[in-house]
Amino acid sequence: MGTYDMLNNKQREAVFKTNGPVLILAGAGSGKTRVLTYRISYLIEQEGVNPWNILAITFTNKAAGEMRERVDDLVGHGAEQIWVSTFHSTCVRILRRFIDRIGYDTNFTIYDTDDSKNIIKEVCKKLSLDTKQYKERSLMAAISSAKDELISPQEFLRNAAGDFVQEKIAEVYQAYQNELKRNNALDFDDLIGKTVELFRKVPEVLEHYQERFRYIMVDEYQDTNTAQFELIHLLAQKYRNLCVVGDDDQSIYKFRGANISNILDFEKVFPEACVIKLEQNYRSTQNILDAANQVIRNNRERKEKALWTDKGQGSKIHFRQFDTAREEAEYIADEIARKKRRQEVRLKDCAVLYRTNAQARLLEEYFIMQGIPYDVVGGVNFYARKEIKDMLAYLKTIDNGQDDLQVRRIINVPKRGIGAATINKVQAYADEQEISLYDAMRFADQIPGLGKSAQKLEGFVTLIQSFRSKLEFYSLEKLMKELIEMTGYVKAMEESDEEDVPDRIANIDELISKIVAFEAENEEATLRSFLAEVALVADIDNVDGQEDKVLLMTLHSAKGLEFSHVYLAGLEDGVFPSYMSIVDEDPTAIEEERRLAYVGITRAKDELTVTCARSRMNRGETQYNPVSRFVREIPANLLDTRVPGEKRFSFRESDSFEDSESDYSGFSGFSGFSGFGTDGGRGKKGFGVRPGTERPKAVKKDKTTAQDKKPFLVRGLDSLNGVGGLQKGTSGKGRLEYGAGDRVRHVKFGDGTVLAVAEEPRDYKVTVAFDGYGQKIMYAGFAKLKKI
DNA sequence: CGTACTAGTCTTTTT
DNA sequence: GACTAGTACG
C-alpha cells in the first residue's frame, strides 16, 4: 500500500511493529501523531484488528479530537469504535460503569481543585487544625502526590512513622477521603486511583477491559505518573501490545506527579520492548533545532538523542533585552503588528509563550493598543469561574442532591436570606438523620428552631424539585435558560454594582452556547453526561486555531503545538527558570525548567524571538533579573541581537550578547545574587534576597543610549496612568464621554479625532485618527481616552 | 443576615 | 498588585 510511503524508515518501523511492547522515543516535531494514526490504521486495515480492541490515550481532549479526526480520514469505517480519549475521561467511562463494585455510586460527581479546597477547609475546621501551620495548599499537594503514587490514607499514616506533622496530614487525608465519599464525589486524582483500585480488587472487571483493549497506545508517555503507569500496566498485562510514545526531553509535569522514570525505565519493566527513536524533525529550521539541542544537552537525566532536519539553516534566533517588562510587551506587540502590516505573517502563525500566566497581562495591554486580535489560553479555567461554577452547582444539585458542597454554594446565590445560622441547623439535622443536606431541606418543617427560614428553604427545594421533574422532557438548553430565569441569577447580577458584570454575563452566555454545541454533537446529551464532560475540559481544548488571532499562553499549554513565529518572553533567571527551581536544592528542578525551555524553542517552525527585561513588576514589587541561563546556553553564533533597519533600537552597547558575560559575573559578585550566576546556584540555600529585589542600583547602569526614553522607573509611573488597571478597564463598561467626531487625548498617542465607536459585549471599540500616529482601533476601557 | 473594610497571602506550571 | 478570608459593624 502506497499510503505508508509518506513515512520515513523509522516511522515505518514504528507503524509496522504492532506486537509486544514498543517504546517510541519521538523528538519534538518528529511526526509522532502521524505515526500513531498510521499505526492505528495499519492495525485495522492490514492486520485485521477490530477497531473495538484499540485504545489510544492522549494528554488533552484536543489531542484526542485531532487524533480521532486523522484516524477517521485514514480508516474507512469503524473508526468511531476506537476508544480515543484522555486518561481522565477513560477512567470516568470505566468508573461510571463499574465503580459500584468498590462501594461508590455510579453517578458520582467530579470535584475540581476549587471544590477540593473547600472540602479541605471543612476538614481542617472539623479537626480544628491551625491553617496557618497546615496550609490548605500544601495539604492538598501532599494528598495529591500521595494519590499520584497510589498511597492510601492508611499507608500514608504507616509511612508517617511517628512524625507528628505527617500523621496530621494522614488524618486530614483520611477525613478528606471520607468527606468525598459522603458527597459521592471523586477528585481528579481519584479518577485514576479508583480505577486502579477497581482493577486490583475486581479481577473480572480488569479481565473485561484487558480483553477489550488488546492494543493500547499512549501518547505523551513522559508525563504519566505512577498511578497512570499502573493503570496502563494492568490493562496491558495480558496481551502486552503496548505502544508508548514520548520524549523524555519534554517531560514537564513533575509537579503533577509525572514520573520520568516511567519512560527512562520502560525497558526494565518490559524487557522484551522494542525501542525506536525518531530524530528527524519536520518542523523547525536547523538553527532552531541547534539551539534546542544545545540547551537540552546540559541536562544529565536524559536519553541521548539529536534532532536534525533537512529544512535548511533558517534565520538566527532573535534576542532582545529591555529595561522593563512593559517595553518587552510593547516590542512584541509592535513587532507582530509590523509583520502583519507587511503581510509577512498571519496572526494565527504567531504565538507568545511565557512561564507564568501573570505575564499575559502586559502583553494583552499592548495587543489591544495595537488593535491585534489575540486569545489568551489558560489563566482561570472557564469552568472554574465563579458564575460558571454557580450555574454548574445548580445543575449538579438538580442531577444529584447528594453533593452538599454544591448545595451550600448556591443556597444563597442569588440572595435568598438564608444564612450561616440556618445552614448550621439544617446540617445538624442532616448529620443526625444521616442524610444529605439537600434531603434535610426537604423536611425543613420538621427541623426545630428554623422559624421563618423554613419557608425560604422550601422555596429553594421547590425550585430544584420542579427542575428535576422537567429534566426528562426539557432540552439542556431550555433547562439552562429557564434556570437562569427562575433563579434570577443574571437579573441579580445586573442589579448589583459589581464591576465585571458584562464579562460575567458574557461567560454565562458562553456556557449556554457550549450546552447548545454539546447537544448538537451528542445524540444522547443528558445533564449527567454534560456535567461529566465539563469537569475534564482543559483550556487548551477550546483552541481551534481557525481564527486569525495571536495566541498567548504558558509554555506548558504550548506543548504539542507549533507556530511559524514564536516569541519566548521573560527569559530571565528568576522568571524562567523560575525562582523556585533556582533555590531548590534538588538539581533536577532546573532540569525540568530546561526541558520546558526545550519545549518552547521547538514550538517554532521558522522564526524564534527570545526576549527579556531588566526589571519586572511581580506581585507588587519590582524585580531585577539577569538574562536567563537558558539564553546563555544557546551558542552566540546562533543568535542575533539586533536587526538591521529595525526602527526602534533599545540596546545599550554593553548588552550585546558577547558583552553580556560581564553582566553575569557582575551579578554573581553581589552577595544577594550568589546562586544566580554561572554556577547555577548549586545547592545553596538560605539567601534571603529574591533575584534582584531591593537592589535596583546595583543593576541599573547609567549608559542609557536610547535617548527617546526616560529612565525606566519614571517611565513606569507614566505608563501606569496610561494603560494600567487592565481588569477594571475591561470590566466596567460605563458610558463613554465621547463619540464619533469628538476630539480626544491619549497618553501615548496624543490628540486625535474619534472616527467610530462600536459596542462590543465587554467594552467599546473605538477607532481614532491620531494627529501624529495615524489611525488606531482600541478598547475604551484600556485606552482611557479623555475628551478635549 | 448582609456589607464594607482590612490583613494576609500569593504564583510556576494543570488534568 | 490582586485576590481572598476574616472581621467588625449596621
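Residues numbered from 1 in each chain as written. Chains lettered and ligands numbered in written order. Predicted model: local features only at pLDDT ≥ 70, side-chain atom pairs only at ≥ 80, totals over all residues. Heavy atoms only, no water.

A. Quick look at the overall build of chain A. Of regular secondary structure, chain A possesses 34 helices and 21 strands. Relative to its full complement of 788 residues, chain A shows a buried share of 56%. Long-range pairs, those at least 24 residues apart, make up 74% of the contacts in chain A between residues at least 6 apart in sequence. A total of about 34,700 Å² of accessible surface is found on chain A, and carbon and sulfur atoms cover 48% of it. (Helix = DSSP H or I, 4+ residues; strand = E, 2+ residues; numbered from the N terminus. Buried < 20%, exposed > 50% of the residue type's maximum accessible area, 1.4 Å probe, protein only. Contact = heavy atoms within 4.5 Å. Areas by Shrake-Rupley, 256 points an atom, 1.4 Å probe, with all protein chains shown as cover.)

B. Structural context of the protein's contact with DNA strand C. As a structural note, the neighbourhood of DNA strand C is formed by Lys121, Arg361, Arg619 and Gly620. Among atoms of DNA strand C positioned within 4 Å of the protein, sugar and phosphate together represent 27%. In the environment of DNA strand C, a phosphate oxygen lies 2.7 Å from a nitrogen or oxygen atom belonging to the side chain of Lys121. Taken together, the residues of the surface near DNA strand C break down into no nonpolar, one polar and three charged. (Near = heavy atom within 4 Å. Polar contact = N/O pair within 3.5 Å; in protein donor to acceptor, adjacent residues only side chain to side chain. Nonpolar A, V, L, I, M, F, W, Y, C, P; charged D, E, K, R; others polar.)

C. Region of the structure containing the nonpolar core. Judged by nonpolar contacts, the single largest core of 53 residues is most densely connected at Met441, Phe460, Met480, Leu511 and Phe530. Core analysis: the second largest hydrophobic core is formed by 46 residues, Trp83, Ile102, Tyr209 and Tyr221 among them. (Core = buried A, V, L, I, M, F, W, Y, C linked by side-chain atoms within 4.5 Å.)

D. Representation of the sheet that holds strand β3 (residues 83-86) in the model. The sheet built from six strands is open, its strands ordered β3-β2-β6-β7-β1-β8 with parallel pairing. Looking along the sheet, the strands with just one partner apiece sit at the ends: β3 and β8 (274-278). In this sheet, adjacent strand axes meet at a mean angle of 15 degrees when their direction is disregarded. Lying on the sheet, helix α2 (residues 32-45) is in contact with β1 (22-26), β2 (54-58), β6 (215-218), β7 (242-246) and β8; it crosses β6 at an angle near 170 degrees. With respect to the sheet, helix α11 (residues 226-236) is in contact with β2, β6 and β7, its orientation differing from that of β6 by roughly 160 degrees. (Pairing = 2+ DSSP bridges. Axes fitted to C-alpha atoms, helices over the stretch in contact; angles between N-to-C directions.)

E. Quick look at the protein's contact with DNA strand B. Around DNA strand B sit 27 residues, and of these Arg137, Arg355, Thr422, Ala538 and Met580 come closest. The share of sugar and phosphate among atoms of DNA strand B within 4 Å of the protein is 62%. The contact in question runs from a base oxygen of DNA strand B to an N or O atom on the side chain of His88, over 3.0 Å. Here Arg137 contributes a side-chain N or O atom positioned 2.4 Å from a phosphate oxygen of DNA strand B. Counting residues per element, the ones that place at least two in the surface near DNA strand B are α19 (420-433) and α26 (555-558). Counting residues per element, the surface near DNA strand B draws most heavily on α19, which supplies three residues. Its residues placed into classes, the surface near DNA strand B shows eight nonpolar, twelve polar and seven charged.

F. Structural view of the packing of helix α14 (residues 286-296) against helix α28 (residues 588-601). Two elements in contact, α14 and α28, have axes whose closest approach is 9 Å; the angle formed by their N-to-C orientations is 175 degrees. It follows from the interaxial angle that α14 and α28 lie roughly antiparallel. Here Ile288, Ala291, Ala292, Val295 and Ile296 of α14 come into contact with α28, specifically with Arg594, Arg595, Ala597, Tyr598 and Ile601. (Parallel < 35°, antiparallel > 145°, perpendicular 65-115°, else oblique.)

G. Local environment of the packing of aromatic side chains. Enumeration over the complete set of coordinates arrives at 20 aromatic pairs. Each ring, one from Tyr4 and one from Tyr38, has its centre 5.9 Å from the other, and the planes form 70 degrees; the classification is edge-to-face. Of the two residues, Tyr4 is situated in the segment before α1 (9-16) and Tyr38 in helix α2; the sequence distance between them amounts to 34 residues. Taken individually, Tyr4 and Tyr38 each receive the classification buried, so the pair is uniform in this respect. (Phe/Tyr/Trp six-rings, centres within 6.5 Å; stacked < 30°, edge-to-face > 60°.)

H. Highlighting the pairing of strand β14 (residues 604-618). The buried fraction of β14 is high, at eleven of 15 residues. Across five bridges, the pairing between strand β13 (residues 563-568) and β14 is parallel. Note that in β14 the partner of Leu568 across the bridge is Val610. Inspection of the sheet shows β14 paired to strand β15 (residues 621-624) by four bridges, in the antiparallel sense. Note that in β15 the partner of Met617 across the bridge is Thr622. The loop that links β14 with its antiparallel partner β15 comprises two residues; one of these, Arg619, has a positive phi angle of about 35 degrees.

I. Region of the structure containing helix α5 (residues 113-126). Helix length check: α5, at 14 residues, gives a terminal C-alpha distance of 20 Å against a target of 20 Å (1.5 Å per residue), a fit within 8%. Once α5 finishes, Ser128 follows within two positions and takes phi at roughly 40 degrees, a positive value. (Expected span 1.5 Å × (residues − 1).)

J. Representation of the confidence of the model for chain A. Residues of chain A with pLDDT of at least 70 account for 85%, and the chain-wide mean is 82. Across residues 643-734, where pLDDT falls below 50, the model places 153 contacts with residues more than four positions away in sequence or in other chains. (pLDDT = per-residue confidence, 0-100.)

K. Quick look at a positive patch on the surface. A cluster of basic side chains, namely Lys117, Lys121, Lys125, Arg137 and Arg408, defines a positive patch on the protein surface. Considering each element in turn, the positive patch owes the most residues, three residues, to α5. Locating Lys125 in the fold gives a position in helix α5. On the accessibility criterion, Lys125 (72% relative accessible area) is exposed. (Patch = residues over 30% accessible without salt bridge, like charges linked within 9 Å, V, L, I, M, F, W, Y side chains within 5 Å. Salt bridge = Lys/Arg side-chain N within 4 Å of Asp/Glu carboxyl O. Lys, Arg positive; Asp, Glu negative; His and termini not counted. Charge placed at Lys NZ, Arg CZ, Asp CG, Glu CD.)

L. Seen up close, unusual backbone geometry. Looking along the chain, the bond that leaves Val413 and enters Pro414 is cis, with omega of -5 degrees. Mapped onto the secondary structure, Pro414 falls in the loop between α18 (404-410) and α19. Here Phe576 and Pro577 are connected by a cis peptide whose omega angle stands at 5 degrees. Relative to the elements of secondary structure, Pro577 occurs in the loop between β13 and α27 (579-583). Despite not being glycine, Arg240 shows a phi value in the positive range, around 60 degrees. Checked against the element boundaries, Arg240 lands in the loop between α11 and β7.

M. Just the packing of helix α7 (residues 153-160) against helix α8 (residues 164-182), in detail. In contact at an axis separation of 8 Å, α7 and α8 are set at 175 degrees when each is read in the N-to-C sense. In terms of axis orientation, α7 runs roughly antiparallel to α8. Between α7, through Pro153, Gln154, Phe156, Leu157 and Ala160, and α8, the contact on the second element is made entirely by Gln166, Glu167, Ile169, Ala170, Tyr173, Gln174 and Gln177. For the contact of α7 with α8, the class distribution of residues is seven nonpolar, four polar and one charged.

N. Local environment of the pattern of salt bridges. Applying the stated criterion across every chain yields a total of 59 salt bridges. With a closest N to O distance of 2.7 Å, Glu267 and Lys303 form a salt bridge. One end of the pair, Glu267, is in helix α13 (residues 266-269); the other, Lys303, is in the loop between α14 and β9 (317-324), with 36 residues separating them in the sequence. The salt bridge partner of Lys340 is Asp548, with a shortest N-O separation of 3.5 Å. Here Lys340, found in helix α15 (residues 325-341), pairs with Asp548, found in the loop between α25 (527-535) and β12 (550-554); they are 208 residues apart in sequence, far enough to count as distant. Put simply, Asp112, Asp114, Asp115, Lys389, Asp390 and Arg409 are held in one network by salt bridges that share partners.

O. Inspection of a negative patch on the surface at higher detail. Negative charge collects at one region of the surface, where Glu69, Asp72, Asp73 and Glu80 lie side by side. Mapped onto the secondary structure, Glu80 falls in the loop between α3 (61-74) and β3. Its relative accessible area of 60% is what places Glu80 among the exposed residues.

P. The arrangement of the environment of Ser628 in detail. Position of Ser628 relative to the elements: it lies in the loop between β15 and α29 (629-632). Separated by 54 residues in sequence, Ser628 and Gly574 have C-alpha atoms that sit 7.9 Å apart. At 2.9 Å, the side chain of Ser628 and the backbone oxygen of Phe576 are in polar contact.

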